[in-house]
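# Inside the fold
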Amino acid sequence: MDHTLIFYNDSKLLEGPVYDTTNNFLYFVSILDGMVYCLDIATKEIISVKLDSPVGCVFIRDKKKVLAASKNGFYEIDFRTRTSHFAFQLKISDLVRYNDGTKDPKGRYIVGTMGYPEIQDHVGKVFSYFKGNYKVIIENTTISNGLVFSKDGTTLYFIDTPTKKVAKYNYDTADGNATFDSYIIQFNGNGSPDGMCMDQDGMLWIAEWGGGQVSKWNPNNGEMISRIKLPCPNVSSCCLDDLGNLFVTTAKSDSPDDIFGGGLFYVNLNKKI
């Protein structure tokens, strides 16, 4: 597959790519820098807004408007004016920060936490926030990642990275509760599952931290379908555009040969394009 480096700014940890299908924008974050980016795919213009603490993920609100989950709270960002405004905060420990997130079919914000500045076992949680109210839907996580809903919204797939597994939760869209069902995918190689997304066929694309690749899996039988190698070990997350191609975020590693870590890649999965 053809992969192209489309953004590099010496970031240590790029994460959280989210594609706006309506406006053809890509949003992503540089976690430790507190940077949130908006990339106009058509014009290649990129706009950034800096927050005052590490930022884990963003949720699309409107054209050039997002809600960003930073350690110091959720901020509304307007890329047209390049401004940010505090929106709300959940009651979280001083020793954690927000990491990956998604929306459920009803519009609830689903976001996980992890230890910060030090990773600690089982101090993380997955929260659900909606219209001023929030609750914990998954407890005792270490590095909350890869939150993805099935097409019908009744299944939540979730990754707690150190487990090297993908968990399946039964999800009640009416009350927003998640109930553990089973582990459906096990990683046995060098890579640990990080961020993930789902394609139109219901298959999971999973970024592999330490594995240098994005792998495609069938959640129904737990089998890997294919893999795409990237030129850096730490692949952090991915999302699909409306052409069915991948945006992939990466992070720096300790390898002296890793010159592309921390870059944003575009992977053409459709050879006709």
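About the thresholds
- Residues numbered from 1 in each chain as written.
- Predicted model: local features only at pLDDT ≥ 70, side-chain atom pairs only at ≥ 80, totals over all residues.
- Heavy atoms only, no water.
- Helix = DSSP H or I, 4+ residues; strand = E, 2+ residues; numbered from the N terminus.
- Rg over C-alpha atoms; globule rule 2.2 N^0.38 Å.
- Buried < 20%, exposed > 50% of the residue type's maximum accessible area, 1.4 Å probe, protein only.
- Contact = heavy atoms within 4.5 Å.
- Areas by Shrake-Rupley, 256 points an atom, 1.4 Å probe, with all protein chains shown as cover.
- Lys, Arg positive; Asp, Glu negative; His and termini not counted.
- Charge placed at Lys NZ, Arg CZ, Asp CG, Glu CD.
- Core = buried A, V, L, I, M, F, W, Y, C linked by side-chain atoms within 4.5 Å.
- Disulfide = S-S within 2.5 Å.
- Pairing = 2+ DSSP bridges.
- Axes fitted to C-alpha atoms, helices over the stretch in contact; angles between N-to-C directions.

### Some words on the overall build of the protein
Regarding its fold elements, the protein presents 0 helices and 24 strands. Computed over the C-alpha atoms, the radius of gyration of the protein is 17 Å, within 12% of the 19 Å expected from 2.2 N^0.38 for a compact globule of 273 residues. In the protein, buried positions account for 56% of the 273 residues. When contacts within the protein are restricted to residue pairs at least 6 apart in sequence, those whose partners lie at least 24 apart make up 40%. Total accessible area on the protein is roughly 12200 Å²; 46% of this is exposed by carbon and sulfur atoms. Separation between the mean location of the 28 positive side-chain charges and that of the 32 negative ones in the protein comes to 3 Å.

### Considerations on the nonpolar core
V36, I77 and F79 are the most contacted members of the largest nonpolar core, which totals 18 residues. Of all the secondary structure elements, the ones that give two or more residues to this core are β3 (25-30), β4 (35-40), β5 (46-50), β6 (55-62), β7 (65-70) and β8 (73-78). Those residues in contact with V36, other than ones at most four positions away along the chain, are F28, V29, I47, S48, V49, L51, V55, V58, V66, A68, I77 and F79. Core analysis: the second largest hydrophobic core is formed by 15 residues, C197, W205, L240 and F265 among them.

### Here's the deal with the state of the cysteines
Under the criterion given, the structure shown has 0 disulfides. Here C57 is not cross-linked by a disulfide; its sulfur's nearest cysteine counterpart is in C239, at 13 Å. Here C239 stays free of any disulfide, with the sulfur of C197 as its closest cysteine sulfur at 6.5 Å.

### Re the sheet that holds strand β13 (residues 133-141)
The 4 strands lie next to each other as β10-β11-β12-β13, forming an open sheet whose pairing is antiparallel. Every interior strand has two partners, whereas the edge strands, β10 (96-103) and β13, have only one. Here the average twist between neighbouring strands, direction ignored, is 25°. Both strand β12 (residues 124-130) and β13 contribute to a ladder of 6 bridges, which runs antiparallel. If you follow F127 over to β13, its bridge partner there is V136.

### Observations regarding the sheet that holds strand β17 (residues 177-186)
Spatially, the 4 strands line up as an open sheet ordered β14-β15-β16-β17, and their pairing is antiparallel. Looking at the sheet topology across the chains shown, the edges are occupied by β14 (144-149) and β17. Neighbour to neighbour, the strand axes of the sheet diverge by 25° on average, direction disregarded. With 4 bridges joining them, β14 and strand β15 (residues 155-160) adopt antiparallel strand pairing. By the bridge assignment for β15, F149 is matched with L156.

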